[in-house]
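What follows is each chain in one-letter form.
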Amino acid sequence: PGRELISECVRYTVAAMSTGTLERHPVFRKILREKIDGLRAQGSTIAQISIACGTNVQRMHDWLSGRCEPRLANLSRLADGLSTTTDILLGRGES
């Protein structure tokens, strides 16, 4: 499973970088938005969520809007900060 995940993440990152959008994984932004909305409903701010995910507010907004996509290392930190897995963020598991 570890190699498959890494392979999928690499394919995702390469595909996203080549297209400039997250069109290859449209589910990513939907799941990211759901996770963030859930945390905000519990009282967290976007700044607190961004810090927990190892990024800044602007980068988080960029990911949410599709202006850019997380690299593999960032995807892993993002999943950790949102208390989920990269599989779920990529739409490969149950959220």
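See the structure printed just above.
Comments concerning unusual backbone geometry
One non-glycine residue with positive phi stands out, namely Ser83, at about 55 degrees. Tracing the chain through its elements places Ser83 in the loop between α5 (72-81) and α6 (86-89). Judged by relative accessible area, Ser83 falls into the exposed class, the value being 69%.

Details of the nonpolar core
Counting residues in hydrophobic clusters, the biggest one holds 18 residues, and the most contacted among them are Leu32, Ile36, Met60, Leu78, Leu82 and Leu89. For this core, the secondary-structure elements that each account for two or more residues are α2 (26-41), α3 (46-52), α4 (57-65), α5 and α6. In contact with Leu78, not counting residues within four places along its chain, are Phe28, Leu32, Cys53, Met60, Trp63 and Leu89.

What about the environment of Ile51?
Examined against the element boundaries, Ile51 turns out to sit in helix α3. In this structure the C-alpha to C-alpha distance between Ile51 and Leu78, which are 27 residues apart in sequence, comes to 9.8 Å.

Conventions used here
- Residues numbered from 1 in each chain as written.
- Predicted model: local features only at pLDDT ≥ 70, side-chain atom pairs only at ≥ 80, totals over all residues.
- Heavy atoms only, no water.
- Helix = DSSP H or I, 4+ residues; strand = E, 2+ residues; numbered from the N terminus.
- Buried < 20%, exposed > 50% of the residue type's maximum accessible area, 1.4 Å probe, protein only.
- Core = buried A, V, L, I, M, F, W, Y, C linked by side-chain atoms within 4.5 Å.
- Contact = heavy atoms within 4.5 Å.

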